[in-house]
Amino acid sequence: MMLAAWIIFLYFFLFFIAGTVTRNNGVVDIGWGIGFVVVAWLMLLLRLPFSLARLTMTLLITLWGVRLFAHILKRNLGKPEDFRYANFRKDWGKWVIPRAFLQVYMLQGLFMLMISLPVILLEGAQPLKYPWLYGVGIVIFALGFGYEAIGDAQLRHFLKEPTNKGKIMDQGLWRYTRHPNYFGEATLWWGIFLIAIGGGATLLTVISPVTITLLLLFVSGVPMLERAMKNRPGYAQYAAKTSIFFPWFPKQEKHKEA
């Protein structure tokens, strides 16, 4: 546990330096996905031999982390600091550097440590303890990863069309949930948790999917984006008929009788 904590601390300290020098704390978002990849591979290679469950989790986290890194890098490269961090910079004033260190970089490091518990706590090279849970975990990861990746791709395609400028994305997966990417991310971590349990990990690893789900639902994911979008023309109507997180069929609009 301490080894992982030091790895994560040094990782985010490097991003803190980069964000401070460039005056853009949004770099932390670019490093989020790859950070999990770094932790997973170091935990795997520094504690040989490894089990099938540990190797599977490492490969799946790599698939997720690299895709997320590429997606956010492409989205943020050459752009000004994300509105969230820009607002923090304005509100924190002369205290922006120490507060960013603690409340942006180190706080994200703490969350990464908690979410990485499946790859941290599962040790050794023992055979699968619950093969059926291992299999279910892979399926749930695949569903979550697919939902996140497809949702991001659909939004990217929608935003590229000049005719969609100023419009609200309500097509594809976005027709069933206002945040398919966040739902997919939470789901895939539940899959990672089940793979770890299938490999013999302690139930303490449930902290991982619970943490990411609560973060996305109540802290840094859904709430921030909802606040940013609430005044956009048409968003109130979209929100009224579309599930906020869990996918569900859109509510039927009620039409007044003539």
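Note that the structure is predicted; figures quoted are calculated from it, not measured. Positions within a chain are numbered from 1, following the residues in the order the chain's sequence is written. Side-chain atom pairs in this predicted model are given and counted only at pLDDT of 80 or more, local residue features only at pLDDT of at least 70, and totals for whole chains, interfaces and linings cover all residues. Hydrogen atoms and water are omitted, and side-chain values are computed over all heavy atoms in the structure.

J.: Explain the packing of aromatic side chains here, please?
T.: Two numbers describe a pair of aromatic rings. These are the distance of the centres and the angle of the planes. Aromatic rings from Phe, Tyr and Trp, with only the six-membered ring used for Trp, were paired whenever their centres fell within 6.5 Å, and each pair was classed as stacked if the ring planes differed by under 30 degrees, edge-to-face if by over 60, and tilted otherwise. Throughout the structure, instances matching the rule amount to 23 aromatic pairs. Centroid distance Phe-9 to Phe-13: 6.1 Å. Interplanar angle 20°. Geometry classified as stacked. Here Phe-9 pairs with Phe-13, and both are found in helix 1 (residues 2-22), just four residues apart, close to one helical turn. For Phe-9, a relative accessible area of 31% puts it in the partly exposed group. On the basis of an interplanar angle of 90° and a centroid distance of 5.0 Å, the ring pair of Phe-245 and Phe-246 is categorised as edge-to-face. Grouping aromatic residues by their ring pairs yields a cluster made of Trp-6, Phe-9, Phe-13, Phe-16, Phe-101 and Tyr-105. Comment: elements are numbered from the N terminus, with helices defined as DSSP H or I runs of at least four residues and strands as E runs of at least two. Partly exposed describes any residue whose relative accessible area lies between the buried limit of under 20% and the exposed limit of over 50%, with all areas from a 1.4 Å probe on protein chains only and scaled to the type maximum.

J.: For this particular structure, what's the right way to read the pattern of salt bridges?
T.: Two side chains of opposite charge can pair, provided their charged atoms sit close to one another. Definition used for salt bridges: Asp or Glu carboxyl oxygen within 4 Å of a side-chain nitrogen of Lys or Arg. Tallied over the full model, the rule gives seven salt bridges. Residue Arg-67 is joined to Asp-152 by a salt bridge in which the shortest nitrogen-to-oxygen separation is 2.8 Å. In this pair, Arg-67 is assigned in helix 3 (residues 52-76) and Asp-152 in helix 7 (residues 131-160), connecting sequence segments 85 residues apart. Of the two residues examined, Arg-67 and Asp-152, each falls in the buried class.

J.: Would you mind showing me how to read the side chain of Arg-89 here?
T.: When you line up the elements, Arg-89 lands in helix 4 (residues 83-92). Setting aside anything within four residues of it in sequence, one finds Arg-89 in contact with Arg-23, Asn-24, Asn-25, Glu-81 and Val-96. Only heavy atoms matter for contacts: two residues are in contact if any of them lie within 4.5 Å across the pair.

J.: Could you clarify how one ought to interpret the nonpolar core in this entry?
T.: Definition of nonpolar core: a set of buried residues of the types Ala, Val, Leu, Ile, Met, Phe, Trp, Tyr and Cys, connected through side-chain atoms within 4.5 Å. In terms of nonpolar packing, the biggest core is built from 54 residues, with Phe-12, Trp-32, Phe-36, Ile-61, Trp-64, Tyr-105 and Trp-189 touching the most fellow members. Residues within four places of Trp-32 in sequence aside, it is in contact with Phe-12, Trp-64, Leu-68, Gln-108, Phe-111, Met-112, Ile-115 and Glu-185. Counting seven residues, the second largest nonpolar core, distinct from the first, contains Ile-168, Trp-174, Met-229 and Tyr-238.

J.: Explain the packing of helix 9 (residues 207-219) against helix 10 (residues 222-229) here, please?
T.: In a packed pair of helices, the relevant descriptors are the angle between the two axes and the axis-to-axis distance. Between N-to-C directions, angles span 0 to 180 degrees; the directions come from axes that are lines fitted to C-alpha atoms, helices contributing only their stretch in contact. Packing of helix 9 against helix 10 brings their axes to within 4 Å, and their N-to-C directions diverge by 20°. With respect to helix 10, the axis of helix 9 lies roughly parallel. Along its contact with helix 9, which presents Leu-216, Leu-217, Phe-218 and Val-219, the element helix 10 presents Val-222, Pro-223 and Met-224. Residues belonging to the contact of helix 9 with helix 10 are distributed by class as follows: seven nonpolar, no polar and no charged. Should an angle lie under 35 degrees it is considered roughly parallel, over 145 roughly antiparallel, and from 65 to 115 roughly perpendicular; all remaining angles are considered oblique. Here the term charged refers only to Asp, Glu, Lys and Arg, the term nonpolar to Ala, Val, Leu, Ile, Met, Phe, Trp, Tyr, Cys and Pro, and the term polar to all other amino acids, Gly among them.

J.: What is the right way to look at helix 8 (residues 180-198) in this model?
T.: Every α-helix carries 3.6 residues per turn, so stepping three or four residues along brings you back to the same face. Taking 1.5 Å of rise per residue, 19 residues should cover 27 Å, and helix 8 covers 27 Å from first to last C-alpha, within 8% of that figure. Counting buried positions along helix 8 gives 18 out of 19 residues, so the element sits mostly inside the fold. Helix span, expected: 1.5 Å multiplied by one less than the number of residues in the helix.

J.: What am I meant to see in a nonpolar patch on the surface here?
T.: Here a patch means residues that are over 30% exposed by relative accessible area and free of salt bridges, tied together within 9 Å if like-charged and within 5 Å if nonpolar (Val, Leu, Ile, Met, Phe, Trp, Tyr). Note on areas: Shrake-Rupley, 1.4 Å probe, and residue coverage restricted to the protein chains presented here. Residues Met-2, Trp-6, Phe-9, Leu-10, Phe-13, Leu-14, Ile-17 and Val-21 make up a contiguous nonpolar surface patch of roughly 830 Å² in combined accessible area. Under the relative-accessibility criterion, Phe-13 is labelled partly exposed at 32%.

J.: Mind showing me how you'd approach the confidence of the model for the chain here?
T.: Any region with low pLDDT has predicted coordinates that should not be read closely. Put simply, the chain has an average pLDDT of 93, and 98% of its residues get 70 or more. As a per-residue measure, pLDDT reflects the predictor's confidence and takes values from 0 up to 100. Element-level mean pLDDT values for the chain span from 89 in helix 4 up to 97 in helix 8. Here residues 254-258 scores under 50 on pLDDT; set against residues more than four positions off or in separate chains, the count is zero contacts.

J.: What is the right way to look at helix 7 in this model?
T.: Across its 30 residues, helix 7 extends 44 Å between first and last C-alpha, which sits within 8% of the 44 Å expected from 1.5 Å per residue. For helix 7, the set of buried residues is Leu-133, Tyr-134, Gly-137, Phe-141, Gly-144, Phe-145, Tyr-147, Glu-148, Ala-149, Gly-151, Asp-152 and Phe-158. Those residues of helix 7 hidden inside the fold are in contact with helix 3 and helix 8.

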